[in-house]
Amino acid sequence: MGAQLRVYRQKIKSAQTTKKITRAMELISASRINKAQQRVAASTPYSRAVTRAVSAVATFSNVDHPLTTEPARIDRAAVVIFTSDRGLAGAFSSNVLKEAEQLTNLLKEQGKEVVYYLVGRKSVAYFGFRRRSFVQSWIGGSDLPQFDTAKEIADAVVAAFNTDYKDGGVDEIHLVSNRFISMIAQVPEVVRLLPLEIVEGVEAPADSQVYPLYEFEPDVTKVLDALLPVYIESRIYNAMLQSAASEHAARQKAMKSATDNADKLIKNYTRLSNAARQSEITQQISEIVGGADALSTAGNQD
Amino acid sequence: MATLRVELVAADQAVWTGEAKMVVAKTVEGEIGLLPGHEPMLAILGAGEVRITLEDGNVIKANAEDGFLSVENNVVAVVARHAALI
C-alpha cells in the first residue's frame, strides 16, 4: 500500500472514531433536553407563587426591609456566574463569561467593587487561569441541578448581602446565566437579584383600585424575612435549571455540527484515498505493460 | 357558593391544584382554617399537615413544611420547599 493511501486511511479512521463520539453526545444531549425542560416547567408554579407573594408584599405594604430598599450607596456588588461543568457545548460558557466581563466593566465604571460567586467548573477554570480571585464556587451537577445547591448558593449570597460593607459584605447581587429560549437559541442574561427590582407576575394596581389589606402572620417583618430568602432561592434554582436546559441544547447543537463536519471530512478523505489508490493501480499497470514491452522487445532481438 | 382555588406547590413540582371548600393549614402561630372570602393574608407555614376539603366532602391531606401560605381573591397558595400528599 502506498504511503499516501495509508495516511488517508488513517485520517478516515480517526474522523470516524470522532464522529462516533460526537454522535453519541448529540443523542445523549437531545434526550436530556426534554427532561431539563420538564424540570424547568415543573419548578415554574413554585417560582410563580413565590414571585406573586413577594410582589404582593412589596406592593401592598410599605415596610422598610433591608432586602427591598435600595441602599444609599453601593460599594460592592456580587456577581453570580452560571456556567457548565463540561465543555464541548459550543459558546455556552464563554457567552456567559463574556456577559459577566461586560457587567464587571459596567459596575467598575460606576465605582463599585466586584466580587464573584461561581457555579460550574468552566467558570472556575476561567478564573483560575487568569489568577483572579472569587469568593466561593460550586462545581458538579450543572447538568442536573439540585434544589439543595440552589439553597446553598442563596444562603451564601444572602449572608453576604446582610453583612456590612466594612466586614466584606455586598450591597448588590447580580446573576449572569443562559436563558433557554428554544432548542436553537440560548441567550446570556443579567438579572439584578437584590435589591429587588419589582418584579414580573403581578400587574401593578391602578391608582383608583383599593389595595387589599394584607394580613401578615406573625408580622410583616418576619414574613418578609422568611419570604425573601425563599424568593432568592427560587430565582437561583430557576436560573440553574434554565442554564442546564441551555447547556444541553448548546451541546446538542455543537455536537450536531461536529458530526456533520466529521461526515464531510470522511467524504473528502475517501475521495482522496480513492484517487490515490487509482493512481497507484494505474502506475502499476503501466509498469507491468512497460516491463512486458521491454521483455518482448528483448526476446525479439535474441 | 364561591369556592377556593388551591395551589399546593413544592420547590420542584406542583403537588396539587384544584377547587376546594375549605383549607386547614398550620402556620407558625397555629392552625388556621380558610373559607371562601377570606381576607388577603400571608403567613409563614409551620411544619405540619394541610387538609383540603373538596366540594364533595372528600379531604385531601398533604405534608408541607418550610414555606408560606398566601390568600388572595379566593386563591390559596401553599408554597413549601418540601411538600407531598399523604
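The rules behind the values
Residues numbered from 1 in each chain as written. Chains lettered and ligands numbered in written order. Predicted model: local features only at pLDDT ≥ 70, side-chain atom pairs only at ≥ 80, totals over all residues. Heavy atoms only, no water. Helix = DSSP H or I, 4+ residues; strand = E, 2+ residues; numbered from the N terminus. Buried < 20%, exposed > 50% of the residue type's maximum accessible area, 1.4 Å probe, protein only. Contact = heavy atoms within 4.5 Å. Patch = residues over 30% accessible without salt bridge, like charges linked within 9 Å, V, L, I, M, F, W, Y side chains within 5 Å. Areas by Shrake-Rupley, 256 points an atom, 1.4 Å probe, with all protein chains shown as cover. Salt bridge = Lys/Arg side-chain N within 4 Å of Asp/Glu carboxyl O. Buried area = accessible area lost by both parts, 1.4 Å probe. Polar contact = N/O pair within 3.5 Å; in protein donor to acceptor, adjacent residues only side chain to side chain. Nonpolar A, V, L, I, M, F, W, Y, C, P; charged D, E, K, R; others polar. Pairing = 2+ DSSP bridges. Core = buried A, V, L, I, M, F, W, Y, C linked by side-chain atoms within 4.5 Å. pLDDT = per-residue confidence, 0-100. 1 Å grid on protein atoms, 1.4 Å probe; cavity = no way out; pocket = protein on both sides within 12 Å on 5 of 7 lines; lining within 4 Å. Points joined across faces, edges and corners; volume = space filled by probe spheres on them. Expected span 1.5 Å × (residues − 1). Phe/Tyr/Trp six-rings, centres within 6.5 Å; stacked < 30°, edge-to-face > 60°.

(A) Focus on the side chain of Glu72(B). Mapped onto the elements of the fold, Glu72(B) is located in strand S7 (residues 59-72). Given the relative accessible area of 19%, Glu72(B) is considered buried. Beyond its immediate chain neighbours, meaning those up to four positions away, Glu72(B) contacts Arg52(A) and Tyr214(A).

(B) Layout of a nonpolar patch on the surface. A contiguous nonpolar surface patch, about 240 Å² in accessible area, is contributed by Ile281(A), Ile285(A) and Val289(A). Tracing the sequence through the fold places Ile285(A) in helix H5 (residues 220-301).

(C) Broad picture of the interface of chain A and chain B. Taken together, the contact between chain A and chain B spans 25 residues of the former and 23 residues of the latter. Summed over both partners, the interface of chain A with chain B buries about 2,100 Å², with 65% contributed by carbon and sulfur atoms. If you sort the residues of chain A by the area they bury against chain B, Tyr46(A), Glu215(A) and Glu217(A) come out on top, with a joint share of 32%. Seen at the junction of chain A and chain B, the total is two salt bridges. Close ionic contact of Glu233(A) with Arg81(B) constitutes a salt bridge, the shortest N to O distance being 2.6 Å. Connecting chain A to chain B are four residue pairs in polar contact (both at pLDDT 80 or more). Breaking the side of chain A that touches chain B down by element, the ones donating at least two residues are helix H1 (3-60), helix H4 (147-162), strand S6 (215-217) and H5 of chain A. Per-element accounting of the side of chain A that touches chain B gives the leading share, nine residues, to H1(A). For the side of chain A that touches chain B, a count of residues per class yields 18 nonpolar, one polar and six charged. Relative to strand S5 (residues 41-45) of chain B, S6(A) is paired through three bridges, and the arrangement is parallel.

(D) Quick look at the nonpolar core. Ranked by size, the top nonpolar core spans 56 residues in total, and within it Val80(A), Tyr117(A), Ile173(A), Ile232(A), Ile236(A) and Leu42(B) carry the most contacts. Of the residues forming this core, the biggest block, 14 residues, is contributed by H5(A). Judged by nonpolar contacts, the second largest core, of 26 residues, contains Val15(B), Ala43(B), Ala62(B) and Leu69(B).

(E) Examining the confidence of the model for chain A more closely. The pLDDT averaged across chain A works out to 86; a share of 91% of its residues lies at or above 70. Mean pLDDT values for the elements of chain A range from 80 in S6(A) up to 94 in helix H3 (residues 121-129) of chain A.

(F) Representation of empty space enclosed by the protein within the structure. Residue and element names in this part refer to chain A. Here the structure, examined in full by the defined rule, presents one cavity of 30 Å³ or more. What lines the largest cavity is simply Leu175, Ser177, Asn178, Arg179, Glu189, Val191, Arg235, Asn238, Ala239 and Gln242. Of all the secondary-structure elements, those providing two or more residues to the lining of the largest cavity are strand S4 (172-180), strand S5 (186-194) and H5. Considered class by class, the residues forming the lining of the largest cavity number three nonpolar, four polar and three charged.

(G) Local environment of the side chain of Gln186(A). All names here are of chain A. Residue position: glutamine 186 is located in strand S5. For glutamine 186, a relative accessible area of 15% corresponds to the buried category. Reaching out from glutamine 186, the side chain makes a polar contact with the backbone oxygen of serine 182 at a distance of 3.2 Å. Within polar-contact distance, the side chain of glutamine 186 engages the backbone oxygen of methionine 183 at 3.2 Å. With residues up to four places along the chain from it excluded, the contact list for glutamine 186 reads Asn178, Arg179, Phe180, Ser246, Ala249 and Ala250.

(H) Main features of H4(A). Its 16 residues give H4(A) an end-to-end C-alpha distance of 22 Å, which sits within 8% of 22 Å, the value for a rise of 1.5 Å per residue. When H4(A) is considered as a whole, its buried residues turn out to be Phe147(A), Ala150(A), Ile153(A), Ala154(A), Ala156(A), Val157(A), Val158(A), Ala160(A) and Phe161(A).

(I) Here's a closer look at the packing of aromatic side chains. Residue and element names in this part refer to chain A. The final tally for this structure, using the stated rule, is seven aromatic pairs over all chains. Centre to centre, the rings of tyrosine 116 and phenylalanine 127 are 4.7 Å apart; their planes meet at 65°, and the pair counts as edge-to-face. Linking tyrosine 116 in strand S2 (residues 113-119) with phenylalanine 127 in helix H3, this pair joins segments that are eleven residues apart in sequence. Looking at phenylalanine 127, the relative accessible area reads 2%, which means it is buried. On the numbers, 5.0 Å between centres and 85° between planes, the contact of phenylalanine 147 with tyrosine 237 is edge-to-face. In this pair, phenylalanine 147 sits in helix H4 while tyrosine 237 sits in helix H5, placing the two residues 90 residues apart along the sequence.

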